[in-house]
Amino acid sequence: MAVLQTPEKVSVLFEAAKRLQTQERLVLARLLLDSILDVDTEAEADWSAMGLAAFEKDWDNPEDAIYDNWRDHYGVPAG
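Please read all numbers here as calculations on a predicted model, not as lab measurements.

A. Representation of the pattern of salt bridges in the model. Following the criterion strictly, the structure yields two salt bridges and no others. Across the salt bridge formed by Lys18 and Glu15, the nearest N and O atoms sit 3.1 Å from each other. Note that Lys18 and Glu15 are positioned in helix 1 (residues 8-18) at a spacing of three residues, about one turn of the helix. Of the charged contacts, one joins Arg30 and Asp34 as a salt bridge, the two residues approaching to 3.1 Å between their closest N and O atoms. Taken together, the residues Arg30 and Asp34, both in helix 2 (residues 22-59) and four residues apart, mark about one turn of the helix. Residue classification places Arg30 among the exposed positions, given a relative accessible area of 53%. The exposure class assigned to Asp34 is partly exposed, which follows from its relative accessible area of 24%.

This is how it looks when you write it as structure tokens:
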């Protein structure tokens, strides 16, 4: 297993964090975690939006318009 090299800036910040009270360290940890999760969530939302746009482009065309009223076409009641 490779040893992780800690960048100097991170070491300095970690030493400063050690001087915080427990509650303050927990808040800092939560903020750091949220900053990573927010980026992932935004990227996932962007990816989903791109996929939806491509899907709509493929399926919203005259050849497939007959399926827009699929319930009528196949005799399936709503609800």
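This is not the end of the story, as more comes after the structure.
B. Just the environment of Asp58, in detail. Assignment of secondary structure puts Asp58 in helix 2. Taking the relative accessible area as the measure of exposure, Asp58 reaches 55% and is therefore exposed. Placed 17 residues apart in sequence, Asp58 and Gly75 show a C-alpha to C-alpha distance of 25 Å.

Definitions and cut-offs
Residues numbered from 1 in each chain as written. Predicted model: local features only at pLDDT ≥ 70, side-chain atom pairs only at ≥ 80, totals over all residues. Heavy atoms only, no water. Salt bridge = Lys/Arg side-chain N within 4 Å of Asp/Glu carboxyl O. Helix = DSSP H or I, 4+ residues; strand = E, 2+ residues; numbered from the N terminus. Buried < 20%, exposed > 50% of the residue type's maximum accessible area, 1.4 Å probe, protein only.

Function cannot be inferred from these measures alone, as they are strictly geometric.
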